[in-house]
Amino acid sequence: MPLLGFNTGDEVEVSSDEDGFRGAYFAARVVRSMPNQRRYTVDYDAFVDDSDPSRPLRETVDARHVRPHPPLRAAASGFTLYQVVDVSYNDAWWVGVVTSVAGVGRKRTYAVCFPASREEMDFGHENLRAHLEWVDGKWVLPESMESSNVMHEKGSQVEVARLRENFAVAWFPAVIAKVIWENSFLVEYMDLRNDVGTELLREIVDLQHIRPCPPREPGVSFCMLDEVEAFYGDGWWPGVITKIHDGSSYTVKSIHWDKEIEFNQTKLRLRYDWVCRQWIPASQKVLEIEFVKGRKVEVSSDDEGFRGAWYTATVVKSVGKKFLVEYQNLRTDDETKLLTETVWPRHIRPTPPNTPVVEFKLLEEVDVFYNDGWWVGIVSKVLRGPRYIVYFRTWNEEMEFGQEELRLHYDWICGRWIQASPGLQL
């Protein structure tokens, strides 16, 4: 966009990208124009030079931060609920949203919320002006601007950050109740209520503190030190798995709690971060550090007769892009020592979670320990003992096994253990 062509002496407003000043506009006067550098030197109306208080503060700024004074739009009838306004506060104009109106005429007072900080303050009529955007050399009302870039539509389910020192510490389920502007939204929480508990809490929130609902894999089993989010106090809090219990429960530690808390699996989910409109697993590098020396793993093979089985082994060392492993049950041809082999990463995985099972169910997918390896099958009949008839698709055969020879089947997908759904078809 070409330089606006402000002349020396022109009254302008200047914005800033510095923390604490972002979103505010300060009245100033142009001292010098530098078209080739796309910059202006300005003197601020309300600030003085620290070294010489008799002189105004002078600063050279990028042209993108400079705009004319917006026209004063008549507001004799007052400002309306959820209207975007500029508020005169601390020697600058700050963008906010009207949340309530009291009084009549020019004696009205307005509660104004600042979405970025979610602070709410009261102001008189004389401290407000209608907010306008300077777009392509014209002043435009926010509601008349093209809204195709709005991230969340009315009715969308989202999660809203709870802030502590302007950092997100937890995420609370909510619904978009109103799109105020492309960066400001009225949300209604799904579980949080107002102070008297009669209605669901509503709040005006900036886009930077809203995200879509993250992915949640059904049937996922968590591992030690997994980064998770736990549903606690009506919100999702980040933490780390510190203990695995029987019966699908886990102990979670969070820097935001004063003690570790035990959760059922249904109240936990893997942690994802919303970055550049994409979900990034918080533990996305787990595969790069998983298979270190001494780690117990399981190894598969593409060789005829071994395909479909997983064999317990220990990582000896990494060899280039491969791993040297020593098998726990397989031995060399002369039976004198344990077999060692180099394998590709696609043929190696951690040891699956050891989930205690009182009795396996009909049509449950299981792993069976047979011929020194774990083979996937389906329980086709439950016998006394308890013993089971297991069907193997690979061989199209059924065989009988005891309880101690079976375990629940898990798939290792994208660095996570995913449990198969029950009720598989034979």
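These numbers were taken from a predicted model, which means no experiment stands behind them.

Analysis parameters
Residues numbered from 1 in each chain as written. Predicted model: local features only at pLDDT ≥ 70, side-chain atom pairs only at ≥ 80, totals over all residues. Heavy atoms only, no water. Helix = DSSP H or I, 4+ residues; strand = E, 2+ residues; numbered from the N terminus. Rg over C-alpha atoms; globule rule 2.2 N^0.38 Å. Buried < 20%, exposed > 50% of the residue type's maximum accessible area, 1.4 Å probe, protein only. Contact = heavy atoms within 4.5 Å. Areas by Shrake-Rupley, 256 points an atom, 1.4 Å probe, with all protein chains shown as cover. Lys, Arg positive; Asp, Glu negative; His and termini not counted. Charge placed at Lys NZ, Arg CZ, Asp CG, Glu CD. Pairing = 2+ DSSP bridges. Patch = residues over 30% accessible without salt bridge, like charges linked within 9 Å, V, L, I, M, F, W, Y side chains within 5 Å. Salt bridge = Lys/Arg side-chain N within 4 Å of Asp/Glu carboxyl O. Phe/Tyr/Trp six-rings, centres within 6.5 Å; stacked < 30°, edge-to-face > 60°. Lys NZ or Arg CZ within 6 Å of the ring centre and 35° of its normal. pLDDT = per-residue confidence, 0-100. Polar contact = N/O pair within 3.5 Å; in protein donor to acceptor, adjacent residues only side chain to side chain.

This part is about the overall build of the protein. Each helix and strand in the protein was counted, giving 1 helix and 37 strands. Taken over the C-alpha trace, the protein has a radius of gyration of 32 Å; the compact-globule value for 426 residues is 22 Å, which it surpasses by more than 25%. Reported as C-alpha extents along the three principal axes, the dimensions of the protein are approximately 95 × 55 × 40 Å. Across the 426 residues in the protein, those meeting the buried criterion constitute 39%. When contacts within the protein are restricted to residue pairs at least 6 apart in sequence, long-range pairs at least 24 apart make up 46% of them. Total accessible area on the protein is roughly 24700 Å²; 49% of this is exposed by carbon and sulfur atoms. Charge centroids of the protein, computed over 50 positive and 65 negative side chains, lie 1 Å from each other.

One ladder, built from 4 bridges, connects strand 24 (residues 272-275) with strand 25 (residues 278-281); its direction is antiparallel. Opposite Val 275, over in strand 25, you have Gln 278 as the bridge partner. Between strand 24 and strand 25, which pair antiparallel one after the other, the connecting turn spans 2 residues, and Cys 276 there sits at a positive phi close to 50 degrees.

Our next topic: a nonpolar patch on the surface. A contiguous nonpolar surface patch, about 310 Å² in accessible area, is contributed by Met 224, Leu 225 and Ile 244. Take Ile 244: it is sitting in strand 20 (residues 235-245).

Counted by the stated rule, this structure contains 25 aromatic pairs. Ring centres of Phe 172 and Trp 237 lie 6.4 Å apart, and the angle between their planes is 80 degrees; this geometry places the pair in the edge-to-face category. Residue Phe 172 is located in strand 14 (residues 167-181), and its partner Trp 237 is located in strand 20; the two are separated by 65 residues in the primary sequence. Of the residues examined, Phe 172 reaches a relative accessible area of 2% and is grouped as buried. Relative to Phe 263, the ring of Tyr 232 lies with its centre 6.3 Å away and its plane at 85 degrees, an arrangement referred to as edge-to-face. Linking Tyr 232 in strand 19 (residues 227-232) with Phe 263 in strand 22 (residues 261-264), this pair joins segments that are 31 residues apart in sequence. We classify Tyr 232 as partly exposed; its relative accessible area is 37%. Through a chain of ring-to-ring contacts, three or more aromatic side chains come together here, namely Tyr 370, Trp 375, Phe 392, Trp 395 and Phe 401. Across the ring face of Trp 93, the terminal group of Arg 129 is positioned such that the distance to the ring centre comes to 4.0 Å.

With that settled, the discussion passes to the confidence of the model for the protein. For the protein, per-residue confidence averages 87 on the pLDDT scale, and 91% of positions sit at 70 or higher. Across residues 421-426 the pLDDT falls below 50, and counting only partners more than four positions away or on other chains, this stretch makes 10 contacts in the model.

So, on to the side chain of Ser 254. The topology assignment puts Ser 254 in the loop between strand 21 (249-253) and strand 22. For Ser 254, a relative accessible area of 6% translates into the label buried. Among the polar contacts listed, one links the side chain of Ser 254 to the backbone oxygen of Pro 238, at a separation of 2.8 Å. In contact with Ser 254, other than residues within four places in its own chain, are Pro 238 and Gly 239.

Right, let's talk about unusual backbone geometry for a bit. Looking along the chain, the bond that leaves Gly 385 and enters Pro 386 is cis, with omega of -5 degrees. Considering the arrangement of structural elements, one finds Pro 386 in the loop between strand 32 (373-383) and strand 33 (387-392). Within the chain, Asn 90 stands out as a residue other than glycine whose phi angle is a positive 55 degrees. Of the residues examined, Asn 90 reaches a relative accessible area of 54% and is grouped as exposed. In this structure, Glu 335 takes a positive phi of about 60 degrees despite not being glycine. Note that Glu 335 resides in the loop between strand 28 (322-331) and strand 29 (338-343).

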